Amino acid sequence: MALANILKTSLGPQGLDKMLVDDIGDVTITNDGATILKQLEVEHPAAKVLVELANLQDSEVGDGTTSVVIIAAELLKRANELVKNNIHPTTIIAGYRIAMRESIKYIQENLSIKVDALEQDVLLQVAKTSLSSKFIGSEGGVFCKIIVDAVKAVKMTNASGKTKYPVNQINILKSHGQSSHESVLIPNGYAMKIMRASQEMPTVVAPAKIALLDFDLKKHKMSMNVNIVIDDPEELERVRQKEMDITKEKIKKIVNTGVNVIFTTKGIDDFAMKYLVEAGVMGVRRVDKKDMRRIAKCTGACMTLTMATMEGDEDFYASSVGTADEVVEQRVGDNDFIFIKGCSASKAATILLRGANEMMLEEADRSVHDALCAVSRTMESNAVVPGGGAVETALSLHLEDHARTFDSYEQWAIAEFSEALVTIPKTLAINAALDAIDLLAMLRVRHHASQQGTDPKKKDYKWYGLDLTNGTVRNSVTNGVLEPMVSKLKSLKFATEAAITILRIDDLVRIAPDPEQEGGM
C-alpha cells in the first residue's frame, strides 16, 4: 500500500511529479510510475512483485504504469478485508479471475472503438492523452505531431504479413539549450552525438557509401611477444615502412570499393587519418556498438570484424557497404551530431529533444517514449477506448450487476474487484483538487443509464469520462481523450495476476544465512 500511496498523487493530467535523490546525490524528477519504482530501494518481498509489475507494463505497453500498480494494490487491500471476514483466499482468487475475464470481454464488446470508425485524427489524440499527465503536456501540439510522424516513419511489414511499428527503430537524442518547442524530428534518418575524427575531413558527404568496421585503423604493430631481431639498420627502416604500408593498403582496399564514410567502434590514429583526409573520406571513431547495429540495419551495411580472407591475405567486400542519401555533421546547441539522412535499407527516425536542463530532458525522453509506445500499440491493435476513468466506471457498474448472478462466495470477490476499479477515477479527481464523490456520482448515473439501454439517446453516455480542467463529466471520445485498448486490457490482466500471486502466499519464511565457518581461510 505504501508504494501505491507514493504513486497515487502522480496519476492523471493534474498529477504531481516526484523528486528522487539517490545515494550519490543525483536528482531525478519524474511522473512515470515505472521510473519511480525502479529508483526506490524496495526491501519488502511482496512490494517487489509490484515493482516488477510496473516494469512489465512498461516493457509490454509503455504507458499506464502508475494505474496498474494502483489497481493491484487496491485489489490486495480489498482481498485482505475479505480474508479477515473469513472468506478463503482460494475463493477470492477464483472471484478475481472471473471478474478479470468478464472485464476484458466487456471492454472488447462494448467499450472499444475501431480507429477507422473515428473521423478525427485518433493518433494525435492518443499521443496527447499519454502526454497530458507529463510536464511536456503543455507543449502537446508540437510533440504529438513529432511522435505520430516518427511512428508512421518506421512502419514495416514482417514475414507473416503483419504491420509492425518498432519503437526501438526511433532514436531519441537530447541536446541542451533552447526550449522544448525547438524539438525536431529527422524522418528516415539516424543521428548520433559524436563528431568526425579530424577537422580536415568533409562535413557533408552525399550520396554516402558507408563502411562499418570493428577494428582499429592505426599503424600495424606486431602482436604480443613477437620480437624481430635485426642486425642491419636499413632493415629496420624497411620493417617500419612495411608496418605503415600494411595500414595504407587496408585503407586503400576499403576506399577502392567507393566508400566515402567510415564508422569504427575502435580508434583511428593520425597516420590513418592522413590517408582518409587525402581520399576525402569522413571517418568517425569510437561509435557505440548499439549505434553501429542500428546503422547497419538502416543502411544495409554489414559490420566488418576483420579483413582477413580464407586465402590468408586481406580484402574488403563491396557487399558489406551500406548506402544513404547523405551523411552530415551539424552542430546543435553545444554538441556536434552526425546525421545519416535518407537510409536505404529500412526505416528509421530520430527525435532530437531540446530543453533547458538535464532533468527536463530526461523526463521529456521518458514521456516521449511512453507516447511513442501508446501510438504504436494503437496502430498495431487498431482499437482505442475512452480515457478519463470512463472504462473503469463502466466496468465497475457492470461487474456489480454481474456479481449478483453468482450465489457463492465469489460474489463478494467480484463486488470488491468492481469497487477497486473505482480508485482510478477517484484518484484522478482527488489529484485535480475536485470533489471526487460528487464527480463519481455524476459519472455513475450516466454509465448506469447507458447500460440499462432503454433510451437510445443515453447510449452515448458510455463514452463519458472526467473533465478535470472544468470539474465536470464529458464525452471522452468526442473530446479526443483516447487510450489504446491494449494498454487497458494488459493493465487489468497484469494487476489481477500480480494481486493473485501475492494472495496465494500465506507465509513468509526467511531462510537463515549459513553461519560463517569457524576459523576461516
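Everything in this summary refers to the structure shown in the same document. (Residues numbered from 1 in each chain as written. Predicted model: local features only at pLDDT ≥ 70, side-chain atom pairs only at ≥ 80, totals over all residues. Heavy atoms only, no water.)

## What about the pairing of strand β17 (residues 383-386)?
A regular strand carries its side chains on alternate faces of the sheet. Note the cut-off: Only protein chains enter the area calculation, which uses a 1.4 Å probe; residues under 20% of their type maximum are buried, those over 50% are exposed, and those in between are partly exposed. Each helix is a run of H or I in the DSSP string that is no shorter than four residues. Each strand is a run of E no shorter than two, and both are numbered from the N terminus. Paired strands are those between which DSSP finds at least two bridges.
Going residue by residue along β17, you find Ala383 and Val385 tucked away on one face and Val384 and Pro386 tucked away on the opposite face as well. Of the strand pairs in this sheet, strand β3 (residues 113-114) and β17 are connected by two bridges, and their pairing is antiparallel. Bridge pairing links lysine 114 to alanine 383 in β17. When β17 meets strand β20 (residues 482-484), the two strands line up antiparallel, connected through three bridges. Each bridged residue has a counterpart across the sheet, and for valine 385 the counterpart in β20 is glutamate 483.

## Looking at the layout of surface pockets
Let me state the cut-off plainly: Throughout, the protein atoms alone are placed on a 1 Å grid, and a set of points is a cavity if a 1.4 Å probe fits but cannot get out or a pocket if it is open with protein on both sides within 12 Å along at least five of seven lines; lining residues have an atom within 4 Å of a point. Grid points are joined across faces, edges and corners, and a volume is the space filled by probe spheres set on the points. Here the term charged refers only to Asp, Glu, Lys and Arg, the term nonpolar to Ala, Val, Leu, Ile, Met, Phe, Trp, Tyr, Cys and Pro, and the term polar to all other amino acids, Gly among them.
Space inside the largest pocket adds up to approximately 900 Å³. Along its surface, the largest pocket is lined by 50 residues, and Gly12, Pro13, Thr129, Ser132 and Glu483 are the ones closest to its centre. When contributions to the lining of the largest pocket are tallied by element, the ones reaching two or more residues are α4 (65-84), α6 (122-132), α11 (358-381), α12 (390-403), α14 (423-431), β18 (464-467), β20 and α16 (485-503). Ranked by the residues each element gives to the lining of the largest pocket, the list is headed by α6, at six residues. Grouping the constituent residues of the lining of the largest pocket by class yields 16 nonpolar, 24 polar and ten charged. In this structure, the second largest pocket encloses a volume near 650 Å³. Listed by contribution, the elements that provide at least two residues to the lining of the second largest pocket are α1 (2-8), α3 (45-60), α4 and α16. Looking at the lining of the second largest pocket, the element that brings in the most residues is α4, giving six residues. Split into classes, the residues belonging to the lining of the second largest pocket amount to 17 nonpolar, three polar and three charged.

## As for unusual backbone geometry
Trans is the common state for peptide bonds, and a negative phi is the common state for residues other than glycine. The omega angle of the peptide bond from alanine 206 to proline 207 is -15°, so this bond is cis rather than trans. Inspection of the secondary structure puts proline 207 in the loop between β9 (204-205) and β10 (208-213). One non-glycine residue, arginine 286, lies in positive phi territory at about 50°. Not every positive phi belongs to a glycine, and asparagine 382 is a case in point at roughly 60°.

## Remarks on the packing of aromatic side chains
Put simply, the rule is: In this scheme Phe, Tyr and Trp rings, the latter by its six-membered ring, pair at centre separations within 6.5 Å, and the angle between planes marks the pair as stacked below 30 degrees, edge-to-face above 60, and tilted otherwise. By definition here, charges over rings are those cases where NZ of Lys or CZ of Arg is within 6 Å of the ring centre and within 35 degrees of the ring normal.
Tallied over the full model, the rule gives three aromatic pairs. Consider the rings of tyrosine 96 and phenylalanine 417, whose centres lie 5.7 Å apart with planes at 65°: the pair is edge-to-face. Taken as a pair, tyrosine 96 in helix α5 (residues 89-111) and phenylalanine 417 in helix α13 (residues 410-421) lie far apart in primary sequence, 321 residues in all. Comparing tyrosine 96 with phenylalanine 417 shows no difference in burial state: the two are buried. Between the NZ or CZ atom of lysine 274 and the centre of the ring of tyrosine 275, over which it lies, the distance is 4.5 Å. Sitting above the plane of the phenylalanine 339 ring, lysine 341 keeps its charged end 5.7 Å from the centroid.

## Description of the nonpolar core
Stated precisely, the cut-off is as follows: Residue types Ala, Val, Leu, Ile, Met, Phe, Trp, Tyr and Cys, when buried and joined through side-chain atoms within 4.5 Å, form a set referred to as a nonpolar core. What makes two residues a contact is simply this: any of their non-hydrogen atoms within 4.5 Å.
Residues Ile92, Tyr96, Ile107, Phe417 and Leu466 are the most contacted members of the largest nonpolar core, which totals 64 residues. The biggest single contributor to this core is α16, with ten residues. With sequence-adjacent residues up to four places away left out, phenylalanine 417 is seen in contact with Leu75, Tyr96, Ala99, Met100, Ser103, Leu399, Leu492 and Thr496. With 28 residues, the next largest nonpolar core counts Val151, Leu353, Ala364 and Ala371 among its residues.

## So, the sheet that holds strand β6 (residues 170-176)
Put simply, the test is: Helix axes are fitted only over the stretch in contact, all axes being lines through C-alpha atoms; the angle between N-to-C directions runs from 0 to 180 degrees.
Strand order across the open sheet formed by three strands is β6-β16-β7, with mixed pairing between neighbours. One side of each edge strand has no neighbouring strand; the edge strands of this open sheet are β6 and β7 (184-186). On average, each strand axis in the sheet is inclined to that of its neighbour by 20°, with strand direction left out of account. Here β7 runs beside strand β16 (residues 349-355); their pairing, made up of three bridges, is antiparallel. Across the sheet, leucine 185 pairs through a bridge with isoleucine 351, a residue of β16. Across the sheet, α11 is in contact with β6 and β16; its angle to β6 comes to roughly 160°.

## Points about the environment of aspartate 26
Relative to the helices and strands, aspartate 26 is located in the loop between β1 (18-21) and β2 (27-30). Residue classification places aspartate 26 among the partly exposed residues on the basis of a relative accessible area of 44%. When sequence neighbours within four positions are dropped, the list of residues in contact with aspartate 26 reads Leu20 and Val21.

## Examining the sheet that holds β20
In spatial order, the strands read β3-β17-β20; together these three strands make up an open sheet with antiparallel pairing. Strands with a single pairing partner mark the edges of an open sheet, and in this sheet they are β3 and β20. Each of β17 and β20 touches α6; the most contacted strand, β20, lies at about 90° to it.

## Quick word on the packing of α4 against α16
Axis angle and axis distance: for two packed helices, these are the angle between their axes and the distance between the axes, and together they describe the pair. Defined as follows: Here the word oblique covers every angle except those under 35 degrees (roughly parallel), over 145 (roughly antiparallel) and from 65 to 115 (roughly perpendicular). By the definition used in this description, the sense in which the near helix is turned from the far one sets the handedness, with an anticlockwise turn below a right angle giving left-handed and a clockwise turn giving right-handed.
Running from amino to carboxyl end, α4 crosses α16 at an angle of 40°, the nearest separation of the two axes being 8 Å. In terms of orientation, α4 and α16 fall into the oblique class. Here α4 runs over α16; the crossing is right-handed. Touching Val68, Ile71, Ala72, Leu75, Leu76 and Ala79 of α4 are Ser491, Phe494, Ala495, Thr496, Ala499, Ile502 and Leu503, all from α16. Class assignment of the residues belonging to the contact of α4 with α16 gives a composition of eleven nonpolar, two polar and no charged.

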